[in-house]
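The primary structure of each chain is shown beneath.
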Amino acid sequence: CSGDFVQIGLPPAAGTDIQYHWTPANSLSNAQISHPIASPSENTTYQLIINTPYCSDTIFQTVSVENLQVSVSSDTTICLGDSTSLQVNIATGTASHIIWSQHPDYSTPLAENQTHITVSPSEDSHYFVKVEGNNCTVEDEITISISSITIGETLPVLICFEDSVQLTVPAS
């Protein structure tokens, strides 16, 4: 996955007269050892040249990088009784599985393999989405807050045409 690392190469050979040279070297922990740590930002084919006093050999190794990037709906506030749509967009990469849940361990899925769902929470709620690629997983959380206004009961008020009356709403 983009930002990850992997050990490449082969175990070191016995003997001190063996030289290793990797190219490109810029994303390796050490280009002069047999098994460096690679952290490329894109697919990269590395070349290892092994030299001994008697012979030379070349090995190629490719590291494929999956760049899975997603964006999700913003946290929002809705009125009690309303619904809202939650969405995940795959910016880069390929999603092989999408799962929505109200549990961070995804033990009770709300939906699978859908890029958007509609929810109608009755209280402040958290929704979790996990997007799995070929080798990478991205998770995010969306918070939906509930806003409710309670208008107290008022007695009937009799007013004349073109008169006004003041209504007050108690703070909740």
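Note that the structure is predicted; figures quoted are calculated from it, not measured.

Reading the values: the criteria
Residues numbered from 1 in each chain as written. Predicted model: local features only at pLDDT ≥ 70, side-chain atom pairs only at ≥ 80, totals over all residues. Heavy atoms only, no water. Phe/Tyr/Trp six-rings, centres within 6.5 Å; stacked < 30°, edge-to-face > 60°. Helix = DSSP H or I, 4+ residues; strand = E, 2+ residues; numbered from the N terminus. Buried < 20%, exposed > 50% of the residue type's maximum accessible area, 1.4 Å probe, protein only. Pairing = 2+ DSSP bridges. Axes fitted to C-alpha atoms, helices over the stretch in contact; angles between N-to-C directions. Contact = heavy atoms within 4.5 Å.

A closer look at the packing of aromatic side chains
1) Next: With the rule as written, the count across this model stands at 1 aromatic pair.
2) Next: Taking the centre distance of 6.4 Å and the plane angle of 80° together, the rings of tryptophan 22 and tyrosine 46 count as edge-to-face. Linking tryptophan 22 in strand S2 (residues 19-23) with tyrosine 46 in strand S4 (residues 44-51), this pair joins segments that are 24 residues apart in sequence. Taken individually, tryptophan 22 and tyrosine 46 each receive the classification buried, so the pair is uniform in this respect.

Looking at the sheet that holds S2
1) Next: Read from one edge of the open sheet, 3 strands run S2-S4-S5, paired in antiparallel fashion. At either margin of the open sheet sits one strand with a lone partner, and together these are S2 and strand S5 (56-63). The average undirected angle you get between the axes of adjacent strands in this sheet is 20°.
2) Next: Relative to S4, S2 is paired through 5 bridges, and the arrangement is antiparallel. For tyrosine 20, the partnering residue across the bridge sits in S4 and is isoleucine 50.

Observations concerning the pairing of strand S8 (residues 84-92)
A regular strand carries its side chains on alternate faces of the sheet.
1) Next: Relative to S8, strand S6 (residues 69-72) is paired through 4 bridges, and the arrangement is antiparallel. The partner of glutamine 69 across the bridge, within S8, is threonine 92.
2) Next: Bridge count between S8 and strand S11 (residues 116-119): 4 bridges; the pairing is antiparallel. Within the sheet, the bridge partner assigned to serine 85 lies in S11 and is threonine 118.

Describing the environment of valine 131
1) Next: Here valine 131 shows up in strand S12 (residues 125-132).
2) Next: Of the residues examined, valine 131 reaches a relative accessible area of 1% and is grouped as buried.
3) Next: Considering only alpha carbons, one finds valine 131 and threonine 23, 108 residues apart in sequence, at a separation of 34 Å.
4) Next: When residues no more than four places from it in sequence are discounted, the contact partners of valine 131 are Leu68, Val70, Val88, Ile90, Ala95, His97, Ile98, Cys136, Thr137 and Val138.

As for the sheet that holds strand S13 (residues 137-147)
1) Next: With mixed pairing, the 5 strands of this open sheet are ordered in space as S7-S13-S12-S9-S10. At either end of the open sheet lies a strand with only one pairing partner, and these are strand S7 (76-79) and strand S10 (109-112). Strand-to-strand twist across the sheet, computed as the mean angle between neighbouring axes with direction ignored, equals 25°.
2) Next: One ladder, built from 5 bridges, connects strand S9 (residues 97-101) with S12; its direction is antiparallel. Bridge pairing links serine 101 to phenylalanine 128 in S12.

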